[in-house]
Amino acid sequence: MTSRKRSGSGSTKRPKEKVVYIYELLCRGEDPSSESPEFWNEFFLLQPNFEALENEIGKLNNEQLQLVKPNLNTLFQRCIEMLDTDHPKRLCNSLQTLCSLFYGIFKKSNADPTFNILNEIFGHEKMDEWLKLLMQYCNRILLGDVPENARFMCLKLLQVLVTGTDNVNQNALFEHLMMHSMFDAFVRLLSDPTFRSQHGHDIVILLTILVNYRKHEATNPYVVQLSILADELALNGYGQMISQSLIDFCRQYIQSLNNVQSSSWFSSLSNIVGNMFVSDEGCERVQQIKANNGLLLALYEAVHLNRNFITTLAHTQAESSAPPSPSNTLSLAQPVPDLSNAPIIDITQYPTNLLVAVFQYCSIVMQDNKNESSIANLKLCFLILTCISEDQYANSMMHDSNLTFKVMLHRAQMRHRKLNVDRVGKSQPLAATLLDLLVEFIVSHLMKKFPMELYLLCIGVIHRILCYQKRCRVRLNYPWKELWSALIGLLRFLVNQEQTLVKKCNIFHLSLQVVNIFNLFITYGDTFLATTNSYDELYYELNREEKVFTEIHAMVLRYTTMPECEYKDDVIKLLNALVNILAIVKHFQNKIKEWLAEQGLSTPTEEQILDVVRKNYDLTLKLQDSLDQYERYTETPLHTNFFKLMVRDVVNDTRKHIYGYVKEAVSVIPDQEILLTSSMTSVSTGTATPASATAVPEAKALPSFA
């Protein structure tokens, strides 16, 4: 008796899809359309096979490419012509086929440097005409009454075009994308809450990549248009996509902390041991941080190019995080739920606007300093903070005493300090939170693999904030002693590690920046310090840590006598910058010794020393120039290579995601598309406090400057 094999057994060969058979004919140089005038109409009813078309193109050698060039050109043109159809399935299939065609050709081009996409496939003659037509159809699809998956696939096609090569400046299609700009269509989609919720991420990534094409070599229309964009709805939508991603990242981080705290000690130990054998670059947290590069780069471009965008930084981002209203979630037929046992969610743990999200995100990224990806991400964060701290409106908003926020800044565990269990800080202006963030970086990154560039950026942001306060006479109520202690700790570290660090970097330049911040407090502190006691505390700290400044002075003197010192200019500048601090230390040390001798004491209290300081401001200091001046941030030439690498990472990451999306895309139009509507409030959610002017310090006998 014979048994019949099951149709699903492994020995049964799966029949080849019709569309795959057509791909093979096209890539053999045959013309499958010659037998039927309706071939192409029927072809675009077939579900595309992204992987099959890509593989067929990849198999072709240079000789075969010349043979099938007319077929690929015909397929390209037929796809574009089909974009004019009203048939939803044909429209989606043509877009998906274009994605596969361009993806395969770019992959082939990248594998073979001699392969020229314009010459070999499309030809120079009519390329501009066809790409112009493609951009027109894409513009119509993005703004027209089409199925949402067609709009989605259109954006994926544009992403395929802009991510074809690792280096965007070498992508031959960009010149055509520049000539036929899609910027207005992107703006209109970002302005619409429904379209933004569905396609906003893709649009922001597209804009970011397009802006970086020959950014400093020629006129880029996307750079020009982004820099003058004043549409508040579009700017808010742009910012909302960035804040949504950062808020989600912060939420996942907090949940992971809660999970660790609730797990047993044995599982925690297992995780620690397991992580010892996992590559830093490959761990999940690093990949999550790296995934934010695209939107962080988008934020950088916005704050760097567009001053109007600054106004959106404190706007509430409620579209993705706000719970639905009861009227929308309960029907009349449903009973009222019992809320007595409902979990309590602490909303203060999560950011409420873009600026708060950036601060909290930075505090998380700061804790991971063992791999290049996280360091690059943190550098991008500091460059964003640099641009923000240079903006007048951003500074006025961050220093507004009537606009306060509770922000959770995460702090790294360190042996010499205990972390506060309550991680949510007090309600305070955002400038105070930013200073807390920068102080945390200073004290938590004093290590052998010293991140010099990050420290220079960090100190630069602090300097810009103080310059604003001095210029506008803003008296921020802040515990300045924490900042002074952190800066003195940094100087102590530089002195102690001098022999190691001086071989790798210019520690004198960083020391000069730190010392000049102290000089700024000494010279102009009366214009921005909130209380008269702040001056006393400053002079007390300088005298308490006089050993640090004495050692720096001795180190500088030693290097002034070295004829081959490569940092001689900075050494001389640092020597001159120390004059006032050394004079203050010498003056008050003598006064304190005299007072101790009179009182017969050897161990005075802090209050006794402060009393000596208050009564002995009779000294003359040297007036130093340009303490409240800084060189405004420019991207070139210092950071050009950094951004080239960053854009390359964003392009590669985007390309990987496109492959998965388009490969699995289904062109079937659903019976009912659920459109997520949402709204964004343009008012800040800061805690409004009664308007009150900060008291100006009383006049006191301060040092005179000659």
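Note that the structure is a prediction, hence the values are computed from the model and not measured.

**Student:** What is the right way to read the overall build of the protein from this model?
**Tutor:** If you tally the helices and strands in the protein, you get 31 helices and 4 strands. Buried residues in the protein amount to 51% of all 706 residues. Contacts in the protein between residues at least 24 apart in sequence constitute 81% of all its contacts with a sequence separation of at least 6. As displayed, the protein offers around 34,600 Å² of accessible surface, 52% of which is attributable to carbon and sulfur atoms.

**Student:** Even after reading the chapter, I still don't get the pattern of salt bridges, so can you show me in this structure?
**Tutor:** A side chain of one charge can pair with a side chain of the opposite charge when the charged atoms of the two come close. The final tally for this structure, using the stated rule, is 29 salt bridges. One salt bridge connects Arg151 with Glu148, and the closest N-O pair in it is separated by 2.7 Å. Placement of the pair is Arg151 and Glu148 together in helix H8 (residues 148-162), with a separation of 3 residues, close to one helical turn. A single burial state applies to Arg151 and to Glu148, both of which are buried. Linked by salt bridges that have partners in common, Lys481, Arg492, Glu541, Arg544, Glu545 and Glu606 make up one network.

**Student:** I'm lost on the nonpolar core in this one. Help?
**Tutor:** In summary, soluble globular proteins display a tendency toward joint burial of nonpolar side chains. Grouped together as the largest cluster of nonpolar side chains are 221 residues, with contacts concentrated most on Leu134, Leu158, Phe186, Phe382, Phe518, Phe521 and Tyr539. Top element by residues in this core is helix H25 (residues 507-524). It accounts for 12 residues. Lining this core are residues from two domains, each supplying at least three of them: domain 1 (18-180 + 649-664) and domain 2 (498-634).

**Student:** When you look at the packing of helix H29 (residues 579-599) against helix H30 (residues 606-614) in this model, what are you seeing that I'm missing?
**Tutor:** For any two helices packed against each other, one specifies the inter-axial angle together with the distance between the axes. At a minimum axis separation of 10 Å, H29 and H30 run at an interaxial angle of 120 degrees. The orientation of H29 relative to H30 falls into the category oblique. In this structure, the crossing between H29 and H30 has a hand that is right-handed. Together, Phe588, Lys591, Ile592 and Trp595 of H29 and Gln608, Ile609, Val612 and Val613 of H30 make up the contact between the two elements.

**Student:** What is the right way to look at the packing of H25 against helix H26 (residues 533-544) in this model?
**Tutor:** In the contact formed by H25 and H26, the axes pass within 11 Å of each other and the chain directions differ by 140 degrees. In terms of axis orientation, H25 runs oblique to H26. Two packed elements cross with a definite hand, and for H25 against H26 that hand is left-handed. In contact with Phe518, Phe521, Ile522, Thr523 and Tyr524 of H25, H26 contributes Tyr535, Leu538, Tyr539 and Leu542. For the contact of H25 with H26, the residue count by class is 8 nonpolar, 1 polar and no charged.

**Student:** Just checking my understanding: could you explain unusual backbone geometry for this structure?
**Tutor:** What is expected of a backbone is that most residues other than glycine have negative phi and most peptide bonds are trans. Cis peptide bonds are those with omega within 30 degrees of zero, and the linkage from Thr636 to Pro637 qualifies with -5 degrees. Assignment of secondary structure puts Pro637 in the loop between strand S2 (620-621) and helix H31 (640-664). Despite not being glycine, Arg473 has its phi angle at roughly 50 degrees, a positive value. By secondary structure assignment, the location of Arg473 is in the loop between helix H22 (452-472) and helix H23 (480-496). Even without being glycine, Ser626 reaches a positive phi, approximately 65 degrees.

**Student:** Would you mind going over the side chain of Asn306 with me for this structure?
**Tutor:** Within the secondary structure layout, Asn306 lies in the loop between helix H16 (293-305) and helix H17 (326-329). Look at Asn306 and you get buried, because its relative accessible area is 1%. A distance of 2.6 Å separates the side chain of Asn306 from the backbone oxygen of Leu226, its partner in a polar contact. Ignoring any residue separated from it by four or fewer positions in sequence, one finds Asn306 in contact with Leu226, Ser227, Ile228, Leu229, Leu235 and Glu301.

**Student:** What is the right way to look at the side chain of Asn71 in this model?
**Tutor:** Relative to the helices and strands, Asn71 resides in helix H4 (residues 62-82). Look at Asn71 and you get buried, because its relative accessible area is 12%. Those residues in contact with Asn71 that sit more than four places away from it in its chain are Leu25, Leu26, Gly29 and Glu30.

**Student:** I keep staring at helix H11 (residues 193-211) and nothing clicks. Help me out?
**Tutor:** End to end, H11 covers just 24 Å across 19 residues, shorter than the expected 27 Å (1.5 Å per residue, more than 12% under). If you look at H11, its biggest bend is around 75 degrees, right at His199. Taken across its 19 residues, H11 has 14 buried, putting it largely inside the fold. With a side-chain oxygen lying 2.9 Å from the backbone nitrogen of Thr194, the N-terminal cap of H11 falls on Asp192.

**Student:** For this particular structure, what's the right way to read H25?
**Tutor:** An α-helical turn contains 3.6 residues, so a residue and the one three or four places further along point in the same direction. Taking 1.5 Å as the rise per residue, H25 with 18 residues should run 26 Å; its terminal C-alpha atoms sit 26 Å apart, in good agreement. Most of H25 is tucked away: 15 of the 18 residues are buried. The residue sitting at the N-terminus of H25 and contributing the capping side-chain oxygen is Asn506; that oxygen lies 3.1 Å from the backbone nitrogen of Phe508.

**Student:** Could you clarify how one ought to interpret the state of the cysteines in this entry?
**Tutor:** Here is the idea: a disulfide is a covalent bond, and it sits between the sulfur atoms of two cysteines. Per the stated rule, a full pass over the model turns up 0 disulfides. Not part of a disulfide, Cys79 finds its nearest cysteine sulfur in Cys99, a span of 9.9 Å. A relative accessible area of 0% means that Cys79 is categorised as buried. Its sulfur unpaired, Cys99 is 8.6 Å from the next cysteine sulfur, which belongs to Cys154.

**Student:** Would you explain the environment of Gln608 in this entry?
**Tutor:** Along the chain, the position of Gln608 falls in helix H30. Assessed through its relative accessible area of 27%, Gln608 is described here as partly exposed. Along the backbone, Gln608 and Trp595 are 13 residues apart, and their C-alpha atoms lie at a distance of 9.7 Å. Residues in contact with Gln608, not counting those within four places in the same chain, are Trp595 and Leu601. From its side chain, Gln608 meets the backbone nitrogen of Thr605 in a polar contact 2.9 Å long.

**Student:** I tried to follow the environment of Gly294 on my own but got confused; where do I start?
**Tutor:** Looking at the secondary structure, you find Gly294 in helix H16. Given a relative accessible area of 8%, Gly294 falls into the buried group. Sequence separation of Gly294 and Ile209 is 85 residues, and the distance between their C-alpha atoms is 8.7 Å. With near-sequence residues (within four places) excluded, Gly294 lies in contact with Ile205, Thr208 and Val650.

**Student:** Which parts of the structure should I look at to understand the packing of aromatic side chains?
**Tutor:** What characterises a pair of aromatic rings is the spacing of the ring centres plus the angle enclosed by the ring planes. For the coordinates displayed, the defined rule picks out 33 aromatic pairs. Residues Phe588 and Tyr617 carry aromatic rings whose centres are separated by 6.1 Å and whose planes lie at 80 degrees to one another, so their mutual orientation is edge-to-face. Placement of Phe588 in helix H29 and of Tyr617 in the loop between H30 and S2 is noted, with a sequence separation of 29 residues between them. Like Tyr617, Phe588 is buried. Over the aromatic face of Phe642 sits the side chain of Lys379, whose NZ or CZ is 4.2 Å from the ring centroid.

**Student:** Quick question: what am I supposed to make of the confidence of the model for the protein here?
**Tutor:** A low pLDDT score tells you not to read the predicted coordinates there in detail. Averaged over all residues, the pLDDT of the protein equals 83, while 80% of them reach at least 70. Counted against residues more than four places away or in other chains, residues 666-699, with its pLDDT under 50, gives 77 contacts.

**Student:** I tried to follow the environment of Gly460 on my own but got confused; where do I start?
**Tutor:** Structurally, the position occupied by Gly460 is in helix H22. Of the residues examined, Gly460 reaches a relative accessible area of 14% and is grouped as buried.

Parameters at a glance
- Residues numbered from 1 in each chain as written.
- Predicted model: local features only at pLDDT ≥ 70, side-chain atom pairs only at ≥ 80, totals over all residues.
- Heavy atoms only, no water.
- Helix = DSSP H or I, 4+ residues; strand = E, 2+ residues; numbered from the N terminus.
- Buried < 20%, exposed > 50% of the residue type's maximum accessible area, 1.4 Å probe, protein only.
- Contact = heavy atoms within 4.5 Å.
- Areas by Shrake-Rupley, 256 points an atom, 1.4 Å probe, with all protein chains shown as cover.
- Salt bridge = Lys/Arg side-chain N within 4 Å of Asp/Glu carboxyl O.
- Core = buried A, V, L, I, M, F, W, Y, C linked by side-chain atoms within 4.5 Å.
- Domains from an automatic or database assignment.
- Axes fitted to C-alpha atoms, helices over the stretch in contact; angles between N-to-C directions.
- Parallel < 35°, antiparallel > 145°, perpendicular 65-115°, else oblique.
- Left-handed = near helix turned anticlockwise from the far one by under 90°.
- Nonpolar A, V, L, I, M, F, W, Y, C, P; charged D, E, K, R; others polar.
- Polar contact = N/O pair within 3.5 Å; in protein donor to acceptor, adjacent residues only side chain to side chain.
- Expected span 1.5 Å × (residues − 1).
- Bend = angle between axes of the 7 residues up to and from the residue.
- Disulfide = S-S within 2.5 Å.
- Phe/Tyr/Trp six-rings, centres within 6.5 Å; stacked < 30°, edge-to-face > 60°.
- Lys NZ or Arg CZ within 6 Å of the ring centre and 35° of its normal.
- pLDDT = per-residue confidence, 0-100.

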